[in-house]
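What follows is each chain in one-letter form.
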Amino acid sequence: MIIEDLLDKRNMTKYQLAVAAGVSSTTLNDICSGKTKLEKCSEEIVYKIANALGVSMEMLMESGIRETKRERSFEFGLPDYLQHDLDAYKEGLRMKSDILDCLWGELYGSINMAEISEGVITPEHADYLRQKYLWKGTCV
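Observations regarding the packing of aromatic side chains
Working definition: an aromatic ring pair is given by the centre-to-centre distance plus the angle between the planes. Per the stated rule, a full pass over the model turns up three aromatic pairs. With 5.3 Å between their ring centres and 10 degrees between their planes, Trp104 and Tyr108 make a pair best called stacked. One end of the pair, Trp104, and the other, Tyr108, are both in helix H7 (residues 100–117), four residues apart, so they sit about a helical turn from each other. Judged by relative accessible area, which is 29%, Trp104 ranks as partly exposed. Given the relative accessible area of 32%, Tyr108 is considered partly exposed. Between Trp104 and Trp135, the aromatic rings sit 5.6 Å apart at their centres with planes inclined by 50 degrees, giving tilted as the arrangement. Of the two residues, Trp104 sits in helix H7 while Trp135 sits in the segment after helix H8 (123–134), which places them 31 residues apart along the sequence. Here Trp135 falls in the partly exposed class, since its relative accessible area comes to 22%.

Here we look at the confidence of the model for the protein
Across the protein, the average pLDDT comes to 85, with 87% of residues at 70 or higher. Confidence scores differ between elements of the protein, with helix H5 (residues 57–73) showing the lowest mean pLDDT of 64 and H7 the highest of 96.

Some details on helix H6 (residues 80–95)
Note that an α-helix has 3.6 residues per turn; residues three or four places apart therefore point the same way. Between its first and last C-alpha, H6 extends 22 Å over 16 residues, near the 22 Å set by a 1.5 Å rise per residue. Every buried residue of H6 is listed here: Leu82, Asp85, Leu86, Tyr89 and Gly92. The arc that holds every buried residue of H6, seen down its axis, measures 125 degrees, which confines them to one face. Seen from the open side of H6, the exposed residues pointing more than 90 degrees away from its buried face are Asp80, His84, Arg94 and Met95. In the core, the buried residues of H6 are packed alongside H7 and H8.

Considerations on the nonpolar core
Core analysis: the biggest nonpolar cluster contains 20 residues, and Ile3, Leu17, Leu28, Leu38, Ile49, Leu53 and Leu60 have the highest contact counts within it. Within the residue set of this core, elements represented by two or more residues are helix H1 (2–10), helix H2 (14–21), helix H3 (25–33), helix H4 (43–53) and H5. By size, the runner-up hydrophobic cluster in this structure holds 15 residues, among which are Leu86, Leu107, Tyr128 and Leu134.

So, the packing of H2 against H4
Relative orientation of the contacting elements H2 and H4 amounts to 115 degrees, with a least axis distance of 8 Å. With respect to their mutual orientation, H2 and H4 come out roughly perpendicular. Where H2 crosses over H4, the handedness of that crossing is right-handed. Residues Leu17, Ala20 and Ala21 of H2 form the contact with H4, whose participating residues are Lys48, Ile49, Ala52 and Leu53. The residue inventory of the contact of H2 with H4, partitioned by class, reads six nonpolar, no polar and one charged.

Cut-offs used in this document
Residues numbered from 1 in each chain as written. Predicted model: local features only at pLDDT ≥ 70, side-chain atom pairs only at ≥ 80, totals over all residues. Heavy atoms only, no water. Phe/Tyr/Trp six-rings, centres within 6.5 Å; stacked < 30°, edge-to-face > 60°. Helix = DSSP H or I, 4+ residues; strand = E, 2+ residues; numbered from the N terminus. Buried < 20%, exposed > 50% of the residue type's maximum accessible area, 1.4 Å probe, protein only. pLDDT = per-residue confidence, 0-100. Expected span 1.5 Å × (residues − 1). Arc of directions from axis to C-beta. Contact = heavy atoms within 4.5 Å. Core = buried A, V, L, I, M, F, W, Y, C linked by side-chain atoms within 4.5 Å. Axes fitted to C-alpha atoms, helices over the stretch in contact; angles between N-to-C directions. Parallel < 35°, antiparallel > 145°, perpendicular 65-115°, else oblique. Left-handed = near helix turned anticlockwise from the far one by under 90°. Nonpolar A, V, L, I, M, F, W, Y, C, P; charged D, E, K, R; others polar.

Quick look at the structure:
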């Protein structure tokens, strides 16, 4: 995410940014984790964050919108087997399935097959799917 990239470049923590911007740490963490989309925030919040990072609101918003569009595109147009396993895993999460570990394994295998064996998705695409669905809560 653009905010985390800017924090890295400035050698700044999320907490330091929250203090400098005058926004709550919870709000900033929600934005950085993707729980709250930047484009859904008030202009005041976006202005404060952009100002504290030394960038324009437009730059901050444009990057966020571009990233959101890219993420959405990563979940469509998948090979049938991968789409099936992704949908089954999402449903398993929603229903708190007893076989979630099996669904996880199927999705993991399908992502690897699509990326490595068939080359129908890019490594970036595969990493996005792994981070969003498989490593959720462990690596993110």
